[in-house]
Amino acid sequence: MQTLGDQVSGYVARFQAGDAAAEAALRLLRRQVAGLWGAAPFEQVATMRAGEFGAIHQALLASGLADTAPADGEDAASRAWRDALIARWPSPDAAGAFYAATLFLPAHDLGVLPVVDDAPVWLVRDAVNHALASPRLLRRPGEGAQHFAHLAKVVAALDRRFARALSAEQIALEEHVVKRLSILQAYFHDEDVRPLLRDRASLLERFLRRSGLNLEHRFPARADGRLRLGVLAGHFGLHTESFYALAHLEGLDRPRLEVIAYALGASANPIEERCRAAVDAFVVLPAGSIEEQVNRIRADRLDLLLVTTNVTAVTNPITLIAAHRLARTQIATMGSPVTTGFDQIDVFLSSRENEPPDAGTGVTSHYTESLHLLDGALNHFAFQHDPSQRTTTITRATLGVPEDAVVFVSGANFFKIVPELARVWAEILAAVPGSVLVLLPFNPNWSDQYPENLFCRRMAEDFATRGVGIDRLRVVSPLPARADVQGLMRVADVYLDSHPFAGSCSIYDPLSVACPVVAREGAMARSRHGGVMLRMFGVGDLATTSEEAYRDRAIQLGLDRELRAQVRAQLEAALARGNPVLDTRSLATRVSGALVKLAAEQPAREATRRQGRAASLRSALQALGPALARARVRTMRDVEIAERLVLRTFRAAGRTPHLVDVGACLGELAVPFLDQGWTADLFEPDPACVPRLAATLAPFGPRARLHAVAVSDTPSAATTFFQSAAPGLSGMSASPYRGEGTALSVPAVRLDDHLRAQGVRAVDFLKVDAEGADLRILTGHDFTALRPRLVLAEVNSAFAGQSQPDIRRELANMRRLGYQALVFLYDDGGSFARRVWDAYWLTGVVDGAELPHGPIIANVLFYEEDDLAFLDHAVDFVTGALPPEGTERPRNGDGVTTE
C-alpha cells in the first residue's frame, strides 16, 4: 500500500517535471501542513518532526515550491507565519511558526538568526540548516544581494557563538556547520564579500584548532639552491581548474624553481600526464587525516605554494588543508574567484588587467591577502591540451532556429544567470525582432543537480514582462566536449557574457570561433574577466561598464549585420596570430618572476606578519578580560591549562616533545602528555607522594623519569622541606595556608645542571608548581642552555618571596629573555585560608605587563613573543571559557549564580 509520504514524493517528482496539477496539489498540502505546524503546541512539535509528518515537511522543502512565485493568498499566509516567528523567536514556542514559515520563505526572508542557546538541539540544528541553505533559484532582482547579506549575518553570528564555551552537542553542531557551509550563491552580486569570507575562514580555522591541529608552523632557515614551489590542487584532470593550473606550470623558470605538485588522488588522464611532465615531483597526499596530509606537505619545506583549487565556495578537503601554514609564502590564485579570508594565505596573485584601476599593491578592500599584481592578463588556460573530440553536430535546424534569425548565445552557468541579467536579456530580445537566445546553463562542473524546470519557468516569467515569448528561448543540455560547445558557438551571432559575475573559460569558446562577445565590467575582479579577454583579442570596445551600455551594445550588434562581420574579422585576425588565451608560456614567465620576487620578500613579510598577528592576538586576549571578570568562570586550573592549551599547541610537533614537571605531586598534569607519547622528567621531593607518583608513571616505562629531589636556584645535599598532610601543599618554605608542616631534609638541585647531567638536550614545556619557590626556580634556570617553548608557573603573593615586586621583577626578567606572559588571575574569596582548595574562580586573563596591583593568585604561562600557534590556541581557549552570550552573570566561589 502506498503511504502518504510516497504519494507526496510522487507529486514532487511530477511538479519538478512541470505538471501543473501536481503543483496545485502540493500548494494545497503546503497550506495544510503549515496550519498544523502553527497550531501545534511546542510539546507536540518534536513528535511531529520525527515521524511521517516531518518527512512530508522535508519533501515539501526539497521540492522547490518555495522558489516559485506565490499563488493567490500565499503571500499573506507566508507573512503571517513570518510575523508569528519573529514575535516568538528565539523562544521554543516559536518552533511551530518556524516550520510553517520555512515552507514558504527562504532563510533570507525569515528575519531571524539561528543562534539560540535555550532551544532543543533538534530545533537549533534545523534552524541552522535552513539559515545556511542556498536558494535553489533566485526569483527576483536584488535577491542575490539579500541572500549574501543574510548569509554574512548568519556566519558572523555562528562565528561568535562557536567561539564561546561549547557542549558536546554544540561541538557536533559546529562540525556540521563547517562541513555544509556553502557560499556559492553569495558570489553573484556587486557587494564586497571580504567580511563574509573572513568570518567563514574564522569558523573553519577555529574548528581545525579545536580538533587539535596547529595551523601555524615555523620553517627552518632555507637552504641555498632552487626555490621550492608547491602547487596544490584537489585533482589534475579534464576540468577548468586543471587547465588553469597547467597554464601556470608549463614554462615556469625551472632553473630557479623546483616544482612539486600535490593532489588528493591520481588518475590516468592526459592533463595529469602534462602536469607530471611540467613538475619535478608529483605527490599524491596520504588518504588519512588532514594532519597527515598537512605534515606531508610541510616535510618538503616549501618556499612558495600556489593554491589552484577554489577554496572559497564550499568546505572541500583542499580548503581545510590550505587553512594551514604549508609554505613560507602561500599564494591564492584566481582558481578562487574571491578572497580566501584565511590567515595563512599571504598573497592573492592577480593582475593590473584583472583588477580595477584603483587596486593597489597592498591589502585592498576586497582582499584579506596582500594583492600582488602581474602585468598583463591572468586569463590563460591550457586548452590546447584538451584531448576531447567533437561528438555531435549542432545546427540552426537542430536547434529549431530559422536561418535568418539573430541568435544570441550564452554558456554562463545557471548560478550566474541572476534575475537582473535575465531581464536585460529579455529586453535585448524584445529590441531585436525574431531573435533567439540559446543557453547552456547546466554545466556538471558546477553541480550535478539543477532545478531545470524552475529555471525555465522563471525565464518565461522574465520574458513575459518584456513581451517576449518563451518560444524564443532554447536551453541546451550539457555537451560532453569543448569542441561540441564551440560547434554551438559557430551557430551564434552574438555571445552574451554574464554579469555581475563574468565568464572566463566560458568566453574562450565563442572568442575561439570568432563570435562577437558583449561583456559588462564591474568594480571587482570577478566581474572583469570578460572585458579582460576582449582586450586580449583586441576588441576591448565590446566591454561595457553599465547595464544600459551592455544592453545597447548587444542590441546594436543584433541589428547590424555589417558590424557583426567587422568584429568577426577582427577576431579572426587575432586568432590568425595565435589564440592569446592559449599563450600559457607568457603567463608562466610572468608568474615565475612574481614568485622569485615574493620569495625574496618573504623574510621581511614574515617578520611583519608575525609581529602584527602576535600583537593582534595579544590584543584579543586583553579584550577578553572584562568579559571573564563578569562571568567569573570557575577554576581553569593549571591541569586544564596544560591539557587544553599547552598540549594542543604541541600537536604534530614532528618529533617527540619533552616535559619537565617541577612539583609533580601525584602526576595529574603529566599523564595527558605521556599518553600522547611525550617523554618527561618529573621532580617531587615529598616522600608521601613519591610511591604513588612512581606507580602512576610505571606504565610509561623509560619515557617518564622520576627525580625525588627538590629544585632550587642553589644545589644542596640537604635543604629544609615542609611536608603537609595534604599532597601538593608541601614546599620549601612555610605556607600561609597549611601552617608550618613537618620539617624534613631533602636534596635540592639546580634544574638546568641536573637535566644536562641526565642527558636532556631539549625541553619543550616546563611546569613549575613548588608552593612558593616558583620564582627562585625560574631565576636559577639557564634559559640559554635549555630553553622551553612554554613555561607554566604558579604564583601567589601570599607566599614569602612572591610579593608583588618579586612577581613583577621575574616577569621583567622573562621579558628580557624573549618571553611574554599570559597571566590567569584567580580570586578564592578567602577559601584557601579556610583550606577549601576547589572554591576559586577566574577573574581575568592579562598580559604580564598589565599585572594589577593588590594580592595576586595566578598561573603564569610564559611563551615566546612570536609564537603564533600558541597565541591562536590561547585565544580559542580563553574565549571558550566564556559562557554563551547573554548568560554572563556573576558566580560565587562555589559556582552558584548570584544577582
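Just so it is clear, the model here is predicted, and its values are computed rather than measured.

A. Representation of the overall build of the protein chain. Looking only at helices and strands, one finds 31 helices and 24 strands in the protein chain. Looking at the protein chain as a whole, 58% of its 899 residues are labelled buried. For the protein chain, contacts bridging at least 24 residues in sequence account for 75% of all contacts bridging at least 6. Summing over all exposed atoms, the protein chain offers an accessible surface of approximately 34300 Å²; the carbon and sulfur share of this is 52%. Here the protein chain contributes 94 positively and 106 negatively charged side chains, and the mean placements of these two sets differ by 2 Å.

B. A look at the nonpolar core. If you look at the biggest cluster of nonpolar residues, it comprises 206 residues, and the most contacted ones within it are L437 and L496. Those residues in contact with L496 that sit more than four places away from it in its chain are F408, V409, S410, W425, I428, L437, V518, Y550 and A554. Ranked by size, the runner-up nonpolar core spans 53 residues in total, among them A627, A631, Y737 and F832.

C. Focus on the sheet that holds strand β9 (residues 436–439). Strand order in the open sheet made by the 6 strands is β10-β9-β8-β11-β12-β13, with parallel pairing throughout. In this open sheet, the two edge strands, each paired with only one partner strand, are β10 (473–475) and β13 (543–544). Where strand β12 (residues 517–520) and β13 come together, 2 bridges link them in parallel fashion. Looking at the pairing, A519 lines up with A543 of β13. Strands in contact with helix α20 (residues 529–536) are β12 and β13; relative to β12, the strand with the most contacts, it is inclined by about 135°.

D. Up close: the packing of aromatic side chains. This model, assessed by the stated rule, comprises 30 aromatic pairs. Centre to centre, the rings of W37 and F53 are 5.0 Å apart; their planes meet at 70°, and the pair counts as edge-to-face. Residue W37 is located in helix α2 (residues 20–39), and its partner F53 is located in helix α4 (residues 52–63); the two are separated by 16 residues in the primary sequence. These aromatic residues form a ring-pair network of at least three members: Y187, F188, F414, F415, F442, W446, Y450, F455 and F501. In this structure, R276 is placed above the aromatic ring of F282, and the distance from its NZ or CZ to the ring centre is 4.0 Å.

E. The arrangement of the pattern of salt bridges in detail. Applying the stated rule across the entire model yields 65 salt bridges. Measuring nitrogen to oxygen at the nearest pair gives 2.8 Å for the salt bridge that ties R27 to E23. Separated by 4 residues within a single helix, R27 and E23 lie in helix α2, roughly one turn from each other. One exposure class covers both R27 and E23, and it is buried. Among the salt bridges present, the one from R198 reaches D343, with a minimum N-O distance of 3.1 Å. Of the two residues, R198 sits in helix α10 (residues 194–210) while D343 sits in the loop between β5 (327–332) and β6 (347–351), which places them 145 residues apart along the sequence.

F. Representation of helix α6 (residues 95–102) in the model. The element α6 is largely enclosed, with a buried count of 8 among its 8 residues. Looking only at α6, the buried set comprises A95, G96, A97, F98, Y99, A100, A101 and T102. Turning to α6, the residues buried within the fold contact α2, α3 (42–50), α4, α5 (74–88) and α7 (121–132).

G. Representation of the side chain of D876. Within the fold, D876 resides in helix α31 (residues 868–880). Here the side chain of D876 touches R209 through a polar contact of 2.4 Å, side chain to side chain.

H. Region of interest: the pairing of strand β4 (residues 302–307). Counting buried positions over the 6 residues of β4 gives 6, a clear majority of the element. Sheet analysis places strand β1 (residues 227–232) next to β4, joined by 4 bridges and oriented parallel. Within β4, the position partnered with G230 by the bridge is L305. Relative to β5, β4 runs parallel, the two being bridged by 5 bridges. Paired with L306 across the strands is I331, a residue of β5. Once you follow β4 into helix α14 (residues 317–322) and on to β5, the crossover reads as right-handed.

Calculation rules
Residues numbered from 1 in each chain as written. Predicted model: local features only at pLDDT ≥ 70, side-chain atom pairs only at ≥ 80, totals over all residues. Heavy atoms only, no water. Helix = DSSP H or I, 4+ residues; strand = E, 2+ residues; numbered from the N terminus. Buried < 20%, exposed > 50% of the residue type's maximum accessible area, 1.4 Å probe, protein only. Contact = heavy atoms within 4.5 Å. Areas by Shrake-Rupley, 256 points an atom, 1.4 Å probe, with all protein chains shown as cover. Lys, Arg positive; Asp, Glu negative; His and termini not counted. Charge placed at Lys NZ, Arg CZ, Asp CG, Glu CD. Core = buried A, V, L, I, M, F, W, Y, C linked by side-chain atoms within 4.5 Å. Pairing = 2+ DSSP bridges. Axes fitted to C-alpha atoms, helices over the stretch in contact; angles between N-to-C directions. Phe/Tyr/Trp six-rings, centres within 6.5 Å; stacked < 30°, edge-to-face > 60°. Lys NZ or Arg CZ within 6 Å of the ring centre and 35° of its normal. Salt bridge = Lys/Arg side-chain N within 4 Å of Asp/Glu carboxyl O. Polar contact = N/O pair within 3.5 Å; in protein donor to acceptor, adjacent residues only side chain to side chain. Right-handed = clockwise from strand over helix to strand, strands pointing away.

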